[in-house]
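Per-entry structural report
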Amino acid sequence: MDETIEDKNKGSENIEDDSDFNIDFTTSSAINRVSLKFLIVYIPIFWFSGIIVATFWYGYTEGKQPWIIKLLFLPIIFLAFTFLFIISCFFFSKLLLILINLIHLPKEGIFRTEKGDTDFEFWRLRTEIKKIVLWLIRNSPLPWIDVIAFRWFGVSMDFSSHLNDAWCDSEFIKFGSNVTIGQGAAIMSSMVVGNYLIIKRIIFEDFSLVGGQSTIAPGTHFGKDTVLGAVSVTTLNQKLEDGWIYSGIPARKLKLNQYAEMRRDIIQKVDVDEEEKTDIEHEVNIDEDKKHLIEGNKGGVKK
Amino acid sequence: VSVPNSMRVGPFCATVLAKKKYLLLYIILIWISLFPAILEVWWYWQLLWNDIRPLHFYVFLPLYFIVMYITTVFAAILFAKILLIIVNAFHKPREGVFLRDPADKDYRYWSLRNTIKKWPTWLAHKFPFPFLDNICFKMFGVKTKFSNSLFEGWVDTEYIEFGKNVVVGQGAIIQSSVIIGNFLIIKKTIIEENVRIGAHVIIMPGTHIGKNCILNTWSSTMVGQDLEEGWVYNGGPAKKFKKNRFFEDIPIEKLTKTVGDLDGLLKKYDEQYVIRHVKKKIPLKERRIHIRKEKNEEKPEEKTEKKD
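The structure presented is a predicted model; accordingly, all values stated were derived computationally and were not measured. (Residues numbered from 1 in each chain as written. Chains lettered and ligands numbered in written order. Predicted model: local features only at pLDDT ≥ 70, side-chain atom pairs only at ≥ 80, totals over all residues. Heavy atoms only, no water.)

This part covers the interface of chain B and chain A. At the junction of the two partners, chain B supplies 80 residues and chain A supplies 80 residues. Note on chain B versus chain A: buried area summed over both sides is about 7,500 Å², and carbon and sulfur give 63% of it. Between the two partners, chain B and chain A, sit one salt bridge. Linking Lys131(A) and Glu152(B) is a salt bridge whose minimum nitrogen-to-oxygen distance equals 3.9 Å. In this structure, the connection of chain B to chain A is made through 16 residue pairs in polar contact (both at pLDDT 80 or more). (Contact = heavy atoms within 4.5 Å. Buried area = accessible area lost by both parts, 1.4 Å probe. Salt bridge = Lys/Arg side-chain N within 4 Å of Asp/Glu carboxyl O. Polar contact = N/O pair within 3.5 Å; in protein donor to acceptor, adjacent residues only side chain to side chain.)

On to helix H7 (residues 146-153) of chain A, then. Residues and elements named next belong to chain A. Asp146, Val147, Ala149, Phe150 and Phe153 are the residues of H7 that are buried. Viewed along the axis of H7, the buried residues span an arc of 160°, placing them on a single side of the element. Those residues of H7 hidden inside the fold are in contact with helix H5 (74-103), helix H6 (118-138), strand E2 (155-156) and strand E3 (167-168). Remark: glycine 154 follows H7 within two positions and exhibits a positive phi of approximately 115°. (Buried < 20%, exposed > 50% of the residue type's maximum accessible area, 1.4 Å probe, protein only. Helix = DSSP H or I, 4+ residues; strand = E, 2+ residues; numbered from the N terminus. Arc of directions from axis to C-beta.)

Our focus in this paragraph is the confidence of the model for chain B. Interpretation of the predicted coordinates at a detailed level should be avoided for regions scoring low in pLDDT. On average, chain B scores 81 in pLDDT, and the residues at 70 or more come to 85%. Averaged pLDDT values over the elements of chain B bottom out at 50 in helix H9 (residues 300-307) of chain B and peak at 94 in strand E12 (residues 208-209) of chain B. (pLDDT = per-residue confidence, 0-100.)

Moving on, we get to the sheet that holds strand E14 (residues 239-240) of chain A. Residue and element names in this part refer to chain A. An order of E2-E4-E9-E12-E14 is seen for the five strands of this open sheet, with the pairing classed as parallel. Sheet topology places E2 and E14 at the edges, where each strand pairs with a single neighbour. As paired strands, E2 and strand E4 (residues 173-175) are joined by two bridges and run parallel to one another. Across the sheet, the residue bridging to valine 155 is isoleucine 173, located in E4. (Pairing = 2+ DSSP bridges.)

For the rest of this paragraph, the subject is the sheet that holds strand E11 (residues 202-203) of chain B. Residues and elements named next belong to chain B. Here we have three strands laid out as an open sheet, ordered E3-E6-E11, and parallel in their pairing. Across the chains shown, the open sheet's two edge strands, defined by having one partner strand only, are strand E3 (154-155) and E11. With two bridges connecting them, E3 and strand E6 (residues 173-174) associate as parallel partners. The partner of valine 155 across the bridge, within E6, is isoleucine 174.

A few words now on the packing of aromatic side chains. Counted according to the given criterion, the structure contains 22 aromatic pairs over all chains. When the ring of Trp57(A) is compared with that of Phe78(A), the centres are 6.2 Å apart and the planes differ by 25°; the resulting orientation is stacked. In this pair, Trp57(A) sits in helix H3 (residues 42-62) while Phe78(A) sits in helix H5, placing the two residues 21 residues apart along the sequence. Residues Trp167(A) and Trp154(B) carry aromatic rings whose centres are separated by 6.5 Å and whose planes lie at 75° to one another, so their mutual orientation is edge-to-face. Residue Trp167(A) is located in strand E3, and its partner Trp154(B) is located in strand E3; the two belong to separate chains. Taking NZ or CZ as reference, Lys253(A) lies 4.5 Å from the ring centre of Trp244(A), over its face. We note Lys240(B) situated over the ring of Trp231(B); from NZ or CZ to the ring centre the distance is 4.7 Å. (Phe/Tyr/Trp six-rings, centres within 6.5 Å; stacked < 30°, edge-to-face > 60°. Lys NZ or Arg CZ within 6 Å of the ring centre and 35° of its normal.)

This part takes up the nonpolar core. One finds Phe175(A), Ile181(A) and Phe204(A) to be the most contacted residues of the largest nonpolar core, which totals 84 residues. Ignoring sequence-local partners within four residues, the contact set of Phe204(A) consists of Ile173(A), Lys174(A), Phe175(A), Gly176(A), Val179(A), Ile181(A), Ile187(A), Val210(A), Ile216(A) and Phe222(A). Ranked by size, the runner-up nonpolar core spans 24 residues in total, among them Ile23(A), Trp167(A), Ile249(A) and Leu265(B). (Core = buried A, V, L, I, M, F, W, Y, C linked by side-chain atoms within 4.5 Å.)

Take a look at the structure:
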């Protein structure tokens, strides 16, 4: 077995040419260097939204209702306060984000990960601010509403698609309708490679599906009805064609997506049936001994 | 950005309970570490409520809540650390290969250490500020810097050394101890400066990663593997993919061009993933003989390497 291990570590003998600079691998969009000065932003967000909750709590305790009614409504009040806290956190962080975006507009491209680079600094600041609200919503008893948070933060999507079970960057992503994203998938519109930060838009067309634990690199374009299998990875700027099932590292064509065709058939059939329903109203298939009931409804003579 | 709902378990040590009585210790730890917070509430109440100044009370309550949480975390870390020192005095933690059986002392104490560390790590990770679990890691014997972002992955809490600017990707697992079959392996993992670990990477105990390395997504290392500095690694077990020249000054036009030759790339990836099975095809009969031979020899370390 030792021989094979040595073979693996040899690797390819690379000649120094431009192909070295091709980014044909995928890393991660986890934040590069946590800087404590950005975390100061959290304290006002927490404090102000906490004050709002505290005022409501004051009103609740000072109310003139008998104590038994107060006790009865306590659980629901607690639930309401959790969501009040989350929504106000959400509101304040959105305000901050608007202010930050006024100072520096987020844009796609390749930037340097140095302290002087404004794009890099603001990318870090944006992610830090967004993180807290998304964290709160995902830990709340109603995690599905994180779609609203993503929508506010710059991901265009609606409630037909969901990314509740995935790591997902919260900007430069466009969802069509009915997109499904599997558990543990990482969708990254930003990626740090060495000294460079890459930000590129990801587009999901309608009915595309991403398998569990797969990783999606920035710049990936999902066609309509495209399926990406579990444990697969796309490379930078990869285009996945319409109606194909992709799989592997990096993603390659596996076979045509027949299920998409089947689904289309079903939808067409339903349409036709409904049309027929309006045309042939009287030829309903009923037992002979129950036909008089329909006639009776029409105003016919009963037996 | 945020850890998904179905996987919000955080950086945990493996939750193996060698003996049920360790749970008692765990509960006691929770109990003790909540006392400072309760004391603080009482003190706050005394200070601001008695003078009939509810406005102050309510305005600073949210801020005080954060303080309370942080003190709870620090109390948990403190008491856990004291317990750990006591436990380590009885039996010093050491590296090596141990039997996975409650009769084995090392296995038992490893499990006990993890049980003690669990409550503070859980508590710290439940707080949305990412630096709190860095403090936790530092206190429990992981060498790390505050600038490292270990928030998104799973990281073991002992026998790990991080350099500067290490980034652990989403869902990556960094282990210093692993259970394979009937054995528990504890080995020191060292990760040096500027290493970027991609999403879903699995790093096994004993791995040494050199400076300026990049690990592609879904690559994994073997027990005791050594990764040279300045390379991009890919595949499981990780192999050299190409030289990491992304720390140089490159004109940005060169970076922007997309991969033209996708078939060539697929071939490059295929070589790294498939060859292992294609090259060495042992027929079933020979394989059985091979396994029998190994059983007779009984060398646990070799076995574990094979199973990766």
